[in-house]
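Chain by chain, the residues:
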Amino acid sequence: CKYKQQKDRDRQKEKHTERNRTEGILGCHPEIYPLVLTTKTQEIFNCRIDEDFTDEMPYKIIKKEDIFEDLRNRAAVSDFHPVKKVIQEYPGNELLLVYDKDFKYGLNFYIIGTEEGKENYLNASEVQEDQEEYKEFIPEEIYTYIPPVSKPWVSLGSEKEIEEESVKKSTKQVTYMISRKRSEFGAPITFRDQNASSVKDAYIECTAYPDKNFTLKQLEKNVGMQAVPQVQDTSTQTKWTYPKNASTQYYAREFSEEEKERLGQSKSLTDFLNNVSTSVEIALQQNEITNLFIDDWKSLAEEEGTFGDKTNTHLKEYQSFTDLHSQMEKMITCVSWHPTIYGLIVVSVAVRLSFEERVHFSGRLLLQPSLILFWSFSDPIHPQLMLESPDDIFCFKFCPSDPNIIAGGCINGQIVLWDITTYADRIESTKADGGGNKKTTLKPMFLLEPDGNKEATYIRHCAVSSIESGHRSVITDIHWLADTFEINRFGSVFENRNEICCQLVTCSADCTICFWDIRPLKTLTPTLPTEKKKEESIEIPFDVPSTFLHLDLSWKPLTRLSKGETNLDHCPTKISLSEEQLLYKISDKLLDQTKVTEVNLYHNLEAGLANLLKPIDDFCTKFFVGTEEGEVIYTDWKMEKDPDTGRMMAKKPKSLYSVHDGPVHTVQRSPFYNDIILTVGGWNVAIWKEGVMSGPLLQTCCAAKRYTAGHWSLTRPGVFYIGREDGYIDVWDLLEKTHEPAQSQNICITMITYIEPWTFSAKQQFIAIADYYGTLHILEIPWTLSHPSTNEVSSVNYYFEREVKHLEYVEQRRSIREQEKKEMELEMEKRKHKTHHKSKEQMEAELKMDYESYLELEKITLIGLGLAKASETSHMEMM
Amino acid sequence: MTEVEETLKRIQSHKGVIGTMVVNAEGIPIRTTLDNSTTVQYAGLLHQLTIKAKSTIRDIDPQNDLTFLRIRSKKHEIMVAPDKEYLLIVIQNPCE
């Protein structure tokens, strides 16, 4: 490009100079044609520069013909070639050639093209001198315009600048010739990517680098500030969701009472109902007749999908526990499964001695700790926990609200409370052990040390009841009252705001039933400081929790029901409270008001004393009691005011039945029906229904062996287990047969003292059987005994209803029989009387009739004889 | 007792009937034997269902009309007798 420009410029300059030359010259002297004559030409025409031309005569006359000859000879090479045309047009014969020494017209020679010019020149050279002289004498009178004569260019050094500025090609231009195959022209172009870094030297990088020269540190800055609220705009492209109601809160439209009345009276409604009621009644009756949608096939079949062998109906031995460390022979008095932890079973053991033997060995017995043992499935040798009590425990129960609290009844009449919250994690962890470690190595007996793997800890009891004011004889049964209600001193029922079980009921062989409250009593009188000191001086072992400290040794029963009021000494052995009492739910409104924090309420029992509690009306305060004499008593705990003395007294029992021949050791409600109770005692079993006063629904005939334990099945409504004194378990199924047990199985060699089944899962159900020799057997209940058949609940219910009806019928029949008997007697009586009366009257009537008939006969005869006429007859009658 | 009461009582005394209610054309209960919240719920829902059922029948055949609607569920059967202005709803437990 540069080169091109230079070229152009050169050309232009040449042109310009040429033009300038021609124009300039032609402007003033159009007849002058500058020429360049080479030495050759100069020689030909004898116009050599220095020889032929002088200063005075710098011109020469050349003949036209000579020029033409030269032109012919030398053609283009001739110097006259450029002015060839001028010469041809020249009118004259001789041309004037002037040697331009000064390069006035640009070149060293010039030709004058016209005659006049020639003349002028010739004259001018002569005149020039004259003119100069002339000029001296006439000083500027007339300004004659002299057009500027182009002077020869004087170099002032600008040519150097121009040369500097001018662009010249420094190097030769490189020409490339690129050829391509014709066929490739117009072919579609395919481009391909190539990474510049893949080809070596394909690119030259000019990496940026921080140049310190260009970093300026601004030391001062002038900034304007304004406090504005922080605003942040964010936007995101989202799916457009149209607004739609997430929820609506509304009230349903209702009519007011007047409107309802008005509408109810309107004729249209009456007509509508008349029209519609027929079809509705037809539909209702259709449903009453038959259930259209019942699937007969389905309801015919029994439930399939058994998990075990259906033929196996026996209880399978699973595990057994014995306390090997006790010195004296023990028997198990009470068994309970831990309510929450799997595989933990708790037994209470007592020495196997009769009363005289106890007295005899009383010294030795004092050294023996009386224990409640916690057995876990994972460890059959060592009990997990051992709870210590002052004397042998005959019954105990876990608190339903808190499985870490256990209440037990002693042989000496004391109630003992334990709080094992601190040891709870120890027994919890046994669950994990049992699951993971199946291979518990059983060490042989002689290697066993008393301590073994785990330390045998005796957990001391928390509190015992007061000896003077408690029971005086062995406590035979203990129950926790439900957490929904509580009772006061007079037996009235109030709602329980604590939501925990805080009351107990016990019965003992001293013929009393006591209600206990585990909360601290509100003392009406301020305690004297001396008394306080006394209490404080009692040292408490450090490892005993202070949950029930307020009760220790000072616990008195809340209220006491003595059976002695009924003129008969009943020794209650077992009591059974109704389910309603155990599961009564208070209304939600009250629950909201009594929201308690997560504090363990048993450690904060003070909070539970509220004065104003709402009494619960129509609460069933009746319960069943089984006694040692074999009676079943249905009585009420609510006290009533005795009209004579004005004191609150226990009511008389509602009903009393003597059905058993021995002490009643089981009084239990069915888990399926609230009002069905099972009582076992002596040699027979009885089933009762609450409310049916005439007698038991079912009373089995006397068995060969004494029954010593009993329990309902937890899952099958018609099944219960009875333990015998010879170590057999009788399984009764009410749907199968009611005159004898459905099956019998031998468990151990000695008397069974306690039966307790427990359900862990749908597949696993265990039954714990305790015997007289202190061994606890755990057996697994097979599928058939644990899973109810379809509609078993309703079938058993139906059976009970039938029995009730049967009883009613028996009653009716009895009353009818009584009635009949009475009637028969009356009849007999009446008959005796009536015969007398009847004969007397009859005779009189007969006589009268005879007489009348005689009179008639007389009349007829007389008329027949003609002796008397009709009128005479009347005369005779008068006679 | 008025006729209305008599009829309703008669229907209510059928075996297995849990509740009876009379609802107007807008779904507002007029007479009921159940508690208020249940009534309002049943009335609202069944009223809409009846309208839907009615329109279904009419769509299929414009000359047809809904005379009775019975809904059988696992636990009970709901019977709805519609009319121009009112709706009679009866809930019955068909099994023993």
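One can find the structure itself at the top, above this paragraph.
Just so it is clear, the structure is predicted and the values come from calculations on it, not from any experiment. (Residues numbered from 1 in each chain as written. Chains lettered and ligands numbered in written order. Predicted model: local features only at pLDDT ≥ 70, side-chain atom pairs only at ≥ 80, totals over all residues. Heavy atoms only, no water.)

(A) Region of interest: the overall build of chain B. Tallying secondary structure elements over chain B gives two helices and five strands in all. From first element to last, N terminus to C terminus, chain B shows the α and β order α-β-β-α-β-β-β. Put simply, chain B has 96 residues, and 42% of those count as buried. Considering only intrachain contacts with a sequence separation of at least 6, the fraction spanning at least 24 residues in chain B is 36%. By element, 52% of the accessible surface of chain B is carried by carbon and sulfur atoms, the whole surface being about 5,300 Å². (Helix = DSSP H or I, 4+ residues; strand = E, 2+ residues; numbered from the N terminus. Buried < 20%, exposed > 50% of the residue type's maximum accessible area, 1.4 Å probe, protein only. Contact = heavy atoms within 4.5 Å. Areas by Shrake-Rupley, 256 points an atom, 1.4 Å probe, with all protein chains shown as cover.)

(B) The pairing of strand 10 (residues 393-398) of chain A, seen in detail. Residue and element names in this part refer to chain A. With five bridges joining them, strand 10 and strand 11 (residues 405-410) adopt antiparallel strand pairing. Note that in strand 11 the partner of Cys-395 across the bridge is Gly-409. Linking strand 10 back to strand 11 in an antiparallel pair, the connection comprises six residues. (Pairing = 2+ DSSP bridges.)

(C) Fine view of the interface of chain A and chain B. The partner chain B presents 35 residues to the 30 residues of chain A that form the contact. Between chain A and chain B lies a buried interface of about 3,000 Å² when both sides are counted; carbon and sulfur atoms form 61% of it. Taken together, the connections running from chain A to chain B amount to two salt bridges. Among the ionic pairs, Arg253(A) bridges to Glu26(B), the shortest N-O distance being 3.5 Å. The tally of links from chain A across to chain B stands at 14 residue pairs in polar contact (both at pLDDT 80 or more). The set of elements that each furnish at least two residues to the side of chain A that touches chain B consists of helix 7 (257-265) and helix 8 (267-289) of chain A. With 17 residues, helix 8 of chain A is the single largest residue contributor to the side of chain A that touches chain B. Of the residues contributing to the side of chain A that touches chain B, the split by class is 12 nonpolar, 12 polar and six charged. (Buried area = accessible area lost by both parts, 1.4 Å probe. Salt bridge = Lys/Arg side-chain N within 4 Å of Asp/Glu carboxyl O. Polar contact = N/O pair within 3.5 Å; in protein donor to acceptor, adjacent residues only side chain to side chain. Nonpolar A, V, L, I, M, F, W, Y, C, P; charged D, E, K, R; others polar.)

(D) Highlighting the sheet that holds strand 12 (residues 415-419) of chain A. Residue and element names in this part refer to chain A. Pairing is antiparallel across the open sheet formed by four strands, whose spatial order is 10-11-12-14. The open sheet terminates on both sides in strands that have one partner only, identified here as strand 10 and strand 14 (463-464). With five bridges joining them, strand 11 and strand 12 adopt antiparallel strand pairing. Along strand 12, the bridge assignment pairs Gly-409 with Ile-415.

(E) Region of the structure containing the packing of aromatic side chains. Residue and element names in this part refer to chain A. Counted under the stated rule, the structure contains 23 aromatic pairs over all chains. Summarising the aromatic geometry, the rings of Trp-337 and Phe-377 are spaced 6.0 Å apart at their centres and angled 90° between planes, so their arrangement reads as edge-to-face. On the criterion of sequence distance, the pair formed by Trp-337 in strand 6 (residues 330-337) and Phe-377 in the loop between strand 8 (370-376) and strand 9 (385-389) is long-range, its members being 40 residues apart. A relative accessible area of 2% means that Trp-337 is categorised as buried. Ring geometry for Phe-377 versus Phe-760: centroids 6.4 Å apart, planes at 75°, classification edge-to-face. In this pair, Phe-377 is assigned in the loop between strand 8 and strand 9 and Phe-760 in the loop between strand 35 (752-759) and strand 36 (765-771), connecting sequence segments 383 residues apart. Over the ring of Phe-185 we find Arg-180, and its NZ or CZ is 5.3 Å from the ring centre. (Phe/Tyr/Trp six-rings, centres within 6.5 Å; stacked < 30°, edge-to-face > 60°. Lys NZ or Arg CZ within 6 Å of the ring centre and 35° of its normal.)

(F) Spatial organisation of the side chain of Thr333(A). Residues and elements named next belong to chain A. With respect to the helices, strands and loops of the structure, Thr-333 is situated in strand 6. By relative accessible area, Thr-333 is classed as buried at 11%. At 2.6 Å, the side chain of Thr-333 and the side chain of Ser-348 are in polar contact. Looking at Thr-333, its side chain comes within polar contact range of the main-chain oxygen of Ile-393, at 2.8 Å. Leaving out residues up to four positions away in the same chain, Thr-333 has contacts with Ser-348, Val-349, Ala-350, Ile-393, Phe-394 and Tyr-754.

Read these as layout, nothing more, since geometry by itself doesn't imply function.
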